[in-house]
Amino acid sequence: GAVVSQHPSRVICKSGTSVKIECRSLDFQATTMFWYRQFPKQSLMLMATSNEGSKATYEQGVEKDKFLINHASLTLSTLTVTSAHPEDSSFYICSATGGAAYNEQFFGPGTRLTVL
Amino acid sequence: QKEVEQDPGPLSVPEGAIVSLNCTYSNSAFQYFMWYRQYSRKGPELLMYTYSSGNKEDGRFTAQVDKSSKYISLFIRDSQPSDSATYLCAMSEDMTGGGADGLTFGKGTHLIIQP
């Protein structure tokens, strides 16, 4: 199957700082990327949908000014958590779809964010 | 009421047993149903998908969908310790598959296969 990577796999930051998470499709062109958040013992919750070259579409309750998403190329999307606070600590997972992989979302390994 | 309900477990069974995992949902617009397996601190990996009521089999895994009851199941035969993981059901309103829209996930069931 198609491969999606995320970087970093784990990040610890101080409250008030910004953190950028990268999501890359390694062997296919991802026309659409999704960002999910998963709290402990909770389901993955869709945060936003990102189409290459367009503004991201955010789910209800997700602050677009806090979670900045950029999908500037067909292989890279970034999620920037601005002015992070401890309640933003979570597992952030991206998925990608596109090209021959149009009907399935391939998930990255996730990024564990801890805000102190 | 949440859109997708799934018992988080843990569900512990002996090796070789048949495992039954289930989800119920409330949104009748869901057309595409998936089962993912997730190991600790890893991203989910797709196990099976189906878009119609009935059964679909793949090796030791069988996915079952009952749209009239809004109920889906995943059966694992001859369970192995390596099957120990969290199993998440996921659904989409997208009729072409799970690629166009974000997915709605259940909480996941933590499965433990005892050697």
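A brief structural summary. What you are looking at is a predicted structure, and each value in this text was computed from that prediction instead of being measured. (Residues numbered from 1 in each chain as written. Chains lettered and ligands numbered in written order. Predicted model: local features only at pLDDT ≥ 70, side-chain atom pairs only at ≥ 80, totals over all residues. Heavy atoms only, no water.)

Examining the overall build of chain B
The number of helices and strands found in chain B is 0 helices and 11 strands. Starting at the N terminus and ending at the C terminus, chain B contains elements arranged as β-β-β-β-β-β-β-β-β-β-β. Against the compact-globule benchmark of 13 Å for 115 residues, chain B has a radius of gyration of 13 Å, which places it among compact chains. Buried positions account for 43% of the 115 residues belonging to chain B. Intrachain contacts of chain B at a sequence separation of at least 6 include 57% that bridge at least 24 residues. Carbon together with sulfur atoms contributes 48% to the accessible area of chain B, which is approximately 5,400 Å² in total. (Helix = DSSP H or I, 4+ residues; strand = E, 2+ residues; numbered from the N terminus. Rg over C-alpha atoms; globule rule 2.2 N^0.38 Å. Buried < 20%, exposed > 50% of the residue type's maximum accessible area, 1.4 Å probe, protein only. Contact = heavy atoms within 4.5 Å. Areas by Shrake-Rupley, 256 points an atom, 1.4 Å probe, with all protein chains shown as cover.)

Digging into the environment of Ile93 of chain A
Take Ile93 of chain A: it is sitting in strand β9 (residues 90–98). Along the chain, Ile93 of chain A and Ser9 of chain A lie 84 residues apart, while their C-alpha atoms are 10.0 Å from each other. Beyond its immediate chain neighbours, meaning those up to four positions away, Ile93 of chain A contacts Gln6, Phe34, Trp35, Tyr36, Gln38, Leu44, Phe107, Gly108 and Gly110 of chain A together with Gln38, Gly43 and Pro44 of chain B.

Some thoughts on the nonpolar core
The biggest cluster of nonpolar side chains holds 25 residues, and the ones touching the most others in it are Val4, Trp35, Phe67, Leu79, Tyr92 and Leu113 of chain A. Those elements that place two or more of their residues in this core are β2 (10–13), β3 (19–25), β4 (32–38), β5 (44–51), β7 (67–73), β8 (76–81), β9 and β11 (111–115) of chain A. When sequence neighbours within four positions are dropped, the list of residues in contact with Val4 of chain A reads Cys23, Arg24, Ser25, Phe28, Cys94, Ala96, Phe106, Phe107, Gly108 and Pro109 of chain A. Counting 23 residues, the second largest nonpolar core, distinct from the first, contains Val13, Phe30, Ile72 and Ala85 of chain B. (Core = buried A, V, L, I, M, F, W, Y, C linked by side-chain atoms within 4.5 Å.)

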